[in-house]
Amino acid sequence: MSAVDVHAVVEGPPDRPAVVLSPSLGSSLDMWEPQAAALRGQFRVIRYDHRGHGRSPVPPAPYQIADLATDVVRLLDRLDIPAAHFCGISLGAMTGIVLAATHPRRVRRLVLCCTAARMPTPEAYGQRAAAVRREGTVAIADSVVARWVTPGFTADQPELIRRLQAMVADTPDEGYAACCEAIERMDLRGLLPRIGARTLLIAGADDPATPPDQARLIAASIPNAEVQVLSPAAHLASIEQPEAVTRLLVSHLNATEAPHERGPDRPAARHAGAP
């Protein structure tokens, strides 16, 4: 399938290093607002909606994770950005794995949050796709958000929970279902050793979908990777622990770049505060 022009929002100084924030299944670019607000003073922040989500086009199924990665390449080309940092959560992180492995010159630093290279129960995503095609995303919104955050967070943040449920319910049925099927078919384990970007994995200690052992399995196959586990946090650690995730992002993206991180077509990154 050919790439599509995904909907994106670009914020921050154009002369600063670019960072792409890639959202989860069933969410829009708005889910990254806590991090974008903190990052856009020192980075050029690019948030976007996956194909089939938010304000992006909904091409016909089937989708592959590689299609979502190609959409990011097209977005970077559209913005005339040769290489960017990439931070994805859940489906966004799966996209980042493919992007970093197959387009290594486009990714400077990589952050993978709450994800897996192969889902522990992939068949559940085929079943969810079928349910969405029958009843729509509105029928699964409550159960999806219940897995995104811990019960304590749900009790403390009722208004935010309602906004997250609305985000899921507003996702186009076919786009959501097609992405579910892409996750069901996905096996990215063979790509991991090809990732050369310095990688940070962030896991939620209470994540029922992609628990911390999935992050450790990924890190064991990427040559230059580390794992941070946040608690309490379920599947959307960036929402449940926004300050901690932002702090980890900034530290990882601003760390001094080693010579081996640059290829012949990748000049040294300009980090925040650099001339």
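Refer to the preceding data block for the structure.
Remember, predicted model here, so these are calculated numbers, not experimental data.

Calculation rules
Residues numbered from 1 in each chain as written. Predicted model: local features only at pLDDT ≥ 70, side-chain atom pairs only at ≥ 80, totals over all residues. Heavy atoms only, no water. Helix = DSSP H or I, 4+ residues; strand = E, 2+ residues; numbered from the N terminus. Rg over C-alpha atoms; globule rule 2.2 N^0.38 Å. Buried < 20%, exposed > 50% of the residue type's maximum accessible area, 1.4 Å probe, protein only. Contact = heavy atoms within 4.5 Å. Areas by Shrake-Rupley, 256 points an atom, 1.4 Å probe, with all protein chains shown as cover. Pairing = 2+ DSSP bridges. Arc of directions from axis to C-beta. Axes fitted to C-alpha atoms, helices over the stretch in contact; angles between N-to-C directions. Parallel < 35°, antiparallel > 145°, perpendicular 65-115°, else oblique. Nonpolar A, V, L, I, M, F, W, Y, C, P; charged D, E, K, R; others polar. Left-handed = near helix turned anticlockwise from the far one by under 90°. Phe/Tyr/Trp six-rings, centres within 6.5 Å; stacked < 30°, edge-to-face > 60°. Lys NZ or Arg CZ within 6 Å of the ring centre and 35° of its normal.

Draft legend 1. Structural detail: the overall build of the protein chain. When you go through the protein chain residue by residue, the secondary structure sums to 11 helices and seven strands. Taking 19 Å as the expected radius of gyration for a compact globule of 275 residues, we find that the protein chain reaches 17 Å, a close match to that expectation. Judged by the C-alpha coordinates and their principal axes, the protein chain covers about 50 × 40 × 35 Å. Here the protein chain holds 275 residues, and 56% of them are scored as buried. Sequence-distant contacts in the protein chain: of pairs separated by 6 or more residues, those separated by 24 or more amount to 79%. Only carbon and sulfur atoms are counted for the fraction: they give 52% of the accessible area of the protein chain, which is about 10900 Å².

Draft legend 2. Structural detail: the pairing of strand 3 (residues 44-48). Of all five residues making up strand 3, five are buried, and the element is well covered by its neighbours. Burial along strand 3 is two-sided: Arg-44, Ile-46 and Tyr-48 facing one way and Val-45 and Arg-47 facing the other are all buried. Bridging between strand 1 (residues 8-11) and strand 3 involves four bridges; their strand directions are antiparallel. Its bridge partner being in strand 3, Glu-11 is matched across the sheet by Val-45.

Draft legend 3. Representation of helix 9 (residues 212-221). What helix 9 keeps buried is the set Pro-212, Gln-214, Ala-215, Ile-218 and Ala-219. Around the axis of helix 9, the buried residues are gathered within 155° of arc, so they sit on the same side. Of the exposed residues in helix 9, those oriented more than 90 degrees away from the buried face are Leu-217 and Ala-220. Buried residues along helix 9 sit in contact with helix 3 (91-102), strand 5 (107-113), strand 6 (198-204) and strand 7 (225-230).

Draft legend 4. Up close: the packing of helix 2 (residues 65-78) against helix 3. As a packed pair, helix 2 and helix 3 sit with axes 8 Å apart at the nearest point and diverge in direction by 75°. One element, helix 2, and the other, helix 3, form an angle in the roughly perpendicular class. Seen from helix 2, the contacting residues are Ile-65, Ala-66, Leu-68, Ala-69, Val-72 and Val-73; seen from helix 3, they are Leu-91, Met-94, Thr-95, Val-98 and Leu-99. Within the contact of helix 2 with helix 3, the residues separate by chemical class into 10 nonpolar, one polar and no charged.

Draft legend 5. How the structure looks around the packing of helix 5 (residues 141-148) against helix 7 (residues 158-169). Taken N-terminus to C-terminus, the directions of helix 5 and helix 7 make an angle of 125°; their axes are 9 Å apart at the nearest point. Relative to helix 7, the element helix 5 is oriented oblique. Here the hand of the crossing between helix 5 and helix 7 comes out right-handed. Of helix 7, the residues touching helix 5 (which contributes Ala-141, Asp-142, Val-144, Val-145 and Trp-148) are Ile-161, Leu-164, Gln-165, Val-168 and Ala-169. Of the residues that constitute the contact of helix 5 with helix 7, the class distribution is eight nonpolar, one polar and one charged.

Draft legend 6. Focus on the environment of Ala-101. With respect to the element layout, Ala-101 can be found in helix 3. Judged by its relative accessible area of 5%, Ala-101 is buried. Those residues in contact with Ala-101, other than ones at most four positions away along the chain, are Leu-191, Arg-194 and Ile-195.

Draft legend 7. Region of the structure containing the packing of aromatic side chains. With the rule as written, the count across this model stands at zero aromatic pairs. Across the ring face of Tyr-63, the terminal group of Arg-51 is positioned such that the distance to the ring centre comes to 5.3 Å.

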